[in-house]
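Residue-level listing of the chains:
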Amino acid sequence: MKRVLQLVIVAIVVGLLCLYISHKFTAKDKSKSGEKINVYNWGEYIDPALIKKFEKETGIKVVYETFDSNEAMEAKIRNGGTNYDVAFPSEYTVQKMKRENLLLPLDHQKIPNMKNLDKNYLDMPFDRNNKYSVPYFFGTVGIVYNKKAYPHDDFSSWQSLYKKKYANDILLVDGAREIMGLSLNKLGYSLNDNNPQHLNEAQQDLTHLEPQIKGVVGDEITMMLEQHEANVAVVWSGVAAPIVQDSNEFDYVVPKEGSNLWFDNMVIPKTAQNKKGAYKFMNFLLNERNNKQNTEWVGYATPNKAARNKLPNDVKNDKRFYPSKKEQHKLEVYQDLGKQTLSDYNERFLNFKMSLK
């Protein structure tokens, strides 16, 4: 009898152990072979906690990759390999990808949280009626400067950067459209100008800026400003925002001649394998609470009106980073210039960088 009881106990223990192992195996197997989406975004451009939250809420695994230029992103999507379900191109790249038949038209009914978006940032020229894209973040290009270093200086014009007093004290973002653009705006031309004579003038004009330039830099621009390695910089507003909001030492201005109003957007590439999951991810990011959290983490301006209303007053009412419709009239959205003109911009900018001492 005792022997039988021992056998029964052993059988129960073995059964429970098998059940436990089966459960663990099933859970592990589900995580490996379950539903997933491939997301392709700029670096440091989403709160990692939100990805985990999305995975927990939906059971969809997010395979997340980053790129450092629109051109690299577009080339990888065009050439295949990884079939991305959601990508984040800038406005002129949306225009180009749309033309090259690389994007799926969006079903807005599957993105109900689009209701949270501010109409001022919808229906832009690069994608009328948002047929292929939904705005993610937006911003401007302007000048951030140290008020303690230059307490009485006026940086409301691109012309101010050319003053000899700023010799070796200005940093520039590493972008051909941005730096060629500041010169084009200064000369009264469009950011989307493709007239060779105007581009020659802009390139020649930049030679007068060379003595003031400390360097053309990337992510280290914030650190260099905070450590006073330079006191003035041409930057994207999202770079400037945390600098000026965390310290009274700095200010940011968009020059009066005009500048760029840029948009990064969510799209579904035509080669997407999980369209249903892609729509869920886009809608998740447009949720007002998720978007508020993401905006505070990333630091750029959100086109999500419902999320913006939840931000602190000193952030949501800051016109330096949320320009009014009237102020937007002096701003231009980048257009797709075509491969040849874009190569021309890049070559001129490269020559400018190589000429810096």
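Residues numbered from 1 in each chain as written. Predicted model: local features only at pLDDT ≥ 70, side-chain atom pairs only at ≥ 80, totals over all residues. Heavy atoms only, no water.

A. Layout of the overall build of the protein. Regarding its fold elements, the protein presents 13 helices and 10 strands. Dimensions along the principal axes, computed over C-alpha positions, put the protein at roughly 100 × 45 × 40 Å. Within the span of the protein, comprising 357 residues, buried residues form 50% of the whole. In the protein, of all internal contacts separated by at least 6 residues, the share reaching a separation of at least 24 is 76%. Split by element, the accessible area of the protein, about 18,000 Å² in all, is 51% carbon and sulfur. Here the protein contributes 49 positive and 44 negative side-chain charges, whose respective centroids are spaced 8 Å apart. (Helix = DSSP H or I, 4+ residues; strand = E, 2+ residues; numbered from the N terminus. Buried < 20%, exposed > 50% of the residue type's maximum accessible area, 1.4 Å probe, protein only. Contact = heavy atoms within 4.5 Å. Areas by Shrake-Rupley, 256 points an atom, 1.4 Å probe, with all protein chains shown as cover. Lys, Arg positive; Asp, Glu negative; His and termini not counted. Charge placed at Lys NZ, Arg CZ, Asp CG, Glu CD.)

B. Looking closely at the domain arrangement of the protein. Its domain assignment divides the protein into domain 1 (36-138 + 263-321) and domain 2 (139-261 + 333-355). For domain 1 versus domain 2, the distance between C-alpha centres works out to 27 Å. Contacts between domain 1 and domain 2 engage 15 residues on the former and 19 residues on the latter. A buried area of about 1,500 Å², summed over both sides, lies between domain 1 and domain 2, and 61% of it is on carbon and sulfur atoms. Three residues, Tyr 92, Arg 320 and Phe 321, lead the burial of domain 1 against domain 2; their summed loss comes to 39% of the area buried on that side. Summed over the shared surface of domain 1 and domain 2, the number is 2 salt bridges. The residue Asp 336 makes a salt bridge to Arg 99 at a minimum N-O spacing of 2.4 Å. At the junction of domain 1 with domain 2, the criterion picks out 3 residue pairs in polar contact (both at pLDDT 80 or more). Looking at the side of domain 1 that touches domain 2, the element that brings in the most residues is helix α4 (residues 91-99), giving 5 residues. (Domains from an automatic or database assignment. Buried area = accessible area lost by both parts, 1.4 Å probe. Salt bridge = Lys/Arg side-chain N within 4 Å of Asp/Glu carboxyl O. Polar contact = N/O pair within 3.5 Å; in protein donor to acceptor, adjacent residues only side chain to side chain.)

C. Representation of the side chain of Asp 205 in the model. Checked against the element boundaries, Asp 205 lands in helix α6 (residues 196-207). Looking at Asp 205, its side chain comes within polar contact range of the side chain of Ser 183, at 2.9 Å.

D. Quick peek at the side chain of Ser 90. Within the element layout of this structure, Ser 90 appears in the loop between β3 (86-87) and α4. Here Ser 90 falls in the buried class, since its relative accessible area comes to 8%. In terms of polar contacts, Ser 90 uses its side chain to reach the side chain of Asp 264, at 2.6 Å. Not counting the four nearest positions on each side in its chain, Ser 90 is found in contact with Trp 42, Asn 70, Phe 263, Asp 264 and Asn 265.

E. View of the packing of aromatic side chains. With the rule as written, the count across this model stands at 23 aromatic pairs. Here Tyr 45 and Tyr 136 contribute two aromatic rings whose centre-to-centre distance is 5.3 Å and whose plane-to-plane angle is 80°, an arrangement assigned as edge-to-face. Of the two residues, Tyr 45 is situated in the loop between β1 (36-42) and α2 (48-58) and Tyr 136 in strand β4 (residues 134-146); the sequence distance between them amounts to 91 residues. The buried category is assigned to Tyr 136, whose relative accessible area is 2%. Take Tyr 45: its relative accessible area is 5%, and that puts it in the buried class. Every member of this aromatic cluster is reached through a ring pair, and the members are Tyr 45, Phe 88, Tyr 136, Phe 137, Trp 262 and Tyr 300. (Phe/Tyr/Trp six-rings, centres within 6.5 Å; stacked < 30°, edge-to-face > 60°.)

F. Representation of the packing of helix α5 (residues 176-186) against α6 within the structure. Two elements in contact, α5 and α6, have axes separated by 9 Å at closest approach and are oriented at 105°. With respect to α6, the axis of α5 lies roughly perpendicular. When α5 is examined against α6, the residues Ile 179, Met 180, Ser 183, Leu 184 and Lys 186 are found in contact with a partner set consisting of His 198, Leu 199, Ala 202, Asp 205 and Leu 206. The class makeup of the residues in the contact of α5 with α6 is 6 nonpolar, 2 polar and 2 charged. (Axes fitted to C-alpha atoms, helices over the stretch in contact; angles between N-to-C directions. Parallel < 35°, antiparallel > 145°, perpendicular 65-115°, else oblique. Nonpolar A, V, L, I, M, F, W, Y, C, P; charged D, E, K, R; others polar.)

G. Just the pairing of β1, in detail. For β1, the buried fraction is high: 6 of the 7 residues fall into the buried class. In this region the chain leaves β1, passes through α2 and returns to the parallel neighbour strand β2 (residues 61-67); the handedness of that crossover is right-handed. As judged from the 2 bridges shared by β1 and β3, these two strands associate in the parallel manner. Bridging from a neighbouring strand, Val 39 pairs with Val 86 of β3. (Right-handed = clockwise from strand over helix to strand, strands pointing away. Pairing = 2+ DSSP bridges.)

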